[in-house]
Amino acid sequence: MQHEATNATENIVIKTSARTSVWSALVGVAISLTNTIIQILMIYWILSAYGTEFNGFVRISMSVAIIGGTCEGALGVTTVILMAKPIMEKDWITANESFSTAKRKYRNKLWRGLIFVTLISILYPLEIALAPHFLQGDPITTSITGPIIKDGMDPITIHLWELGFVCFFFGFKQVVSSSIFGIYENVLEADKQNYLRRAIILFTDVIVYMLIISLLSYINFKGTHISPVLVFLPIVIYPFIRGFMIMVYVKRKYPWIKFYADFNDHNLVRKSSKLFFSSLGINTLMNADIIILLIVLGASGLKTTSMLSIYMIVGINIRIIMLNFIVSFREYFISQILREGRIEWKTYTNYELYTYIVAAFSFVMISILTPFVATGLFGNVIAKDFDGTEASAIYQAEALKYIFSGQEFSILFGLSTSAIIIVQGQYVLVQAKGIEKRTTKWLNLIATWYVVTEAITLLLLYLFAFNSGNKTNWIPHMIRYFYIIKLIFMMIAYFFLWSFTWTHITYNSSLKNVIPNFIFLLVPVISTSLFINYGLSQFALIKINIATTEAGTTSVIVDSISIPTIISVLAITGITSLPICIILPLIFRPKIGLNIIVNLPIVKQIIQKNSSKLKIARFIDAGINAEEESNQNDQIMKSLYDQIEENNEIINDENYFEKRYKYKNTPKVYTLKASETTVAKGKTKK
């Protein structure tokens, strides 16, 4: 009976956990879609109201703010991990130890974070002002100029102090959200209530960012000039709306969670520091593109990084969608590692093949589709912002043409995204094994050499090969060499993690299936690259023309991308990618190829639905009422669960113990005398 009750409890817990996971996934999808729409609308209206340079400034300010919150992110992950078990087991003392320690560390980082944000808000606009003077000999910049919103009006002028305030707003939002209210979000995550936290974030995003978008659209429709300080001021209230809602909910639902000044959890302090340094190298390799390019390109980097951020929004969202295809496979292998410690080499090569196929499919999608989507959404808006009288206009025009219509850049960006996917695939296995600290030293070393090599190489190219930025194509060349160096270091990191997997995560390691798997990755990449260079222009083409008048004025003309063109490109992408990425493994490794098709989310749902229908049909043939049986099982489960809850209430009741043990005899205590000890020693010697 007890065993059945335990099983019943486990089933109920599993059902509850599954229901929570479904809600969390649905809210997560809603947040992803909403954030994508908000980002697209924000970029469009910022470009229209304030221009390309200001959009680049905003994107970089957001990136710097996120980097500033990396340490708090490591503390948050550690707090969630250490509080999850105590909350589940209702161990209030241990939970409050972690809560109090984390809250104290968050508060200690508040002032340091605000000082860091203030310094960045001062130094970053100064870099924009002084970089052209020291690198190119141009006059010191005191402001940036936006587009002409309405005929007959002067373009808006954005001063450096306004840029500083906007940068401070984004940093303030990140620091306050994590330092004051981050601990309450950690409590919800530890108690598997992440879907509620995400819902509150979704609600806050919609309110604050839609208010900003409304102000930006008002500027464009009315043709008035409003300072960006006033437009982006609502970001300051963002952390308080989001934080107070979460804090009030946590304090009402968890009244036992309180801050105690004398509680200290040394384990949390130690683990959060290790987690920060263990993830620093891999995050630098994957996400430092825009900041490195900004430093190297100087003032010219504002418009260039703005273009790259537009391209990345489309590319990264495609990458997120592609990663969903291997979630089920990845979870399976992680659970196997956690259960058995290591995985067989054959199992690992299957996982490697899955990762390669998704990376190849992502490369096909991003390299073919992203240029058309990005140009269709933002190409004309960026082209209108070009001031043809500026000395750097021709350089920026060449950069725009290279990024949005260049076949080479789409291939390089697709390769870098695919490299991120396969590196993530390897690093997930290391995390599942729980031995990230063994890879920290080498990954951080690779990341350090990556940053140093990028900075020195690009700076030398700028000063000597491109004559301090006086060659027409110097920005496209800098972007090309940047991504080539990034790909080299991503491959170094990948092969390091691959060798680490060989020695520490798999057993019976061999070279079997390594070369065939690599061929499955190379074939789609090579064939797609050839198709982009020689075949795609026959079906669809992005035309960006640069014209220079005798007076030296530069103009950029971007041909519009129609919806039928984007649909045809989507069809071409599907036709070219599916046979290469799916049919090729199906021919050479039939079992693995069949498993890939069967485990695709849509196919998997169809198979599960059909299997449940067949099961019901078998019940009907056997004369069993499936619905009645299910209702009886539910009733039995409910009665068992109620009985368990009743027993737990009795056991937790102090009066129950008093009534049962108050009049019991005290257990006898036996004391060993000295003489008996001597006798026992004598027997032992014999």
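Residues numbered from 1 in each chain as written. Predicted model: local features only at pLDDT ≥ 70, side-chain atom pairs only at ≥ 80, totals over all residues. Heavy atoms only, no water.

## Focus on the pattern of salt bridges
Move 1: Scanning the entire structure with this criterion turns up 3 salt bridges.
Move 2: In this structure, the salt-bridge partner of E185 is R197, at a minimum N-O distance of 2.9 Å. Taken together, the residues E185 in helix 6 (residues 182-190) and R197 in helix 7 (residues 194-222) connect sequence positions 12 residues apart.
Move 3: A salt bridge links E408 to R480; the shortest N-O distance between them is 2.7 Å. Residue E408 is found in helix 16 (residues 407-433), and its partner R480 is found in helix 18 (residues 474-504); the two are separated by 72 residues along the sequence.
Move 4: Since its relative accessible area comes to 33%, E408 is described here as partly exposed.
Move 5: With relative accessibility at 24%, the residue R480 sits in the partly exposed group.
Move 6: If you follow the salt bridges from partner to partner, you end up with E185, R197 and R242 in one network. (Salt bridge = Lys/Arg side-chain N within 4 Å of Asp/Glu carboxyl O. Helix = DSSP H or I, 4+ residues; strand = E, 2+ residues; numbered from the N terminus. Buried < 20%, exposed > 50% of the residue type's maximum accessible area, 1.4 Å probe, protein only.)

## A look at the packing of aromatic side chains
Move 1: Within the structure shown, the criterion is met by 30 aromatic pairs.
Move 2: Taking 5.8 Å as the distance between ring centres and 80 degrees as the angle between the ring planes, the aromatic pair formed by F409 and Y483 counts as edge-to-face. Separated by 74 residues along the polypeptide, F409 in helix 16 and Y483 in helix 18 bring together distant segments of the chain.
Move 3: Taking relative accessible area as the criterion, F409 reaches 0% and is therefore assigned buried.
Move 4: For Y483, a relative accessible area of 0% gives the class buried.
Move 5: We note K173 situated over the ring of Y238; from NZ or CZ to the ring centre the distance is 4.8 Å. (Phe/Tyr/Trp six-rings, centres within 6.5 Å; stacked < 30°, edge-to-face > 60°. Lys NZ or Arg CZ within 6 Å of the ring centre and 35° of its normal.)

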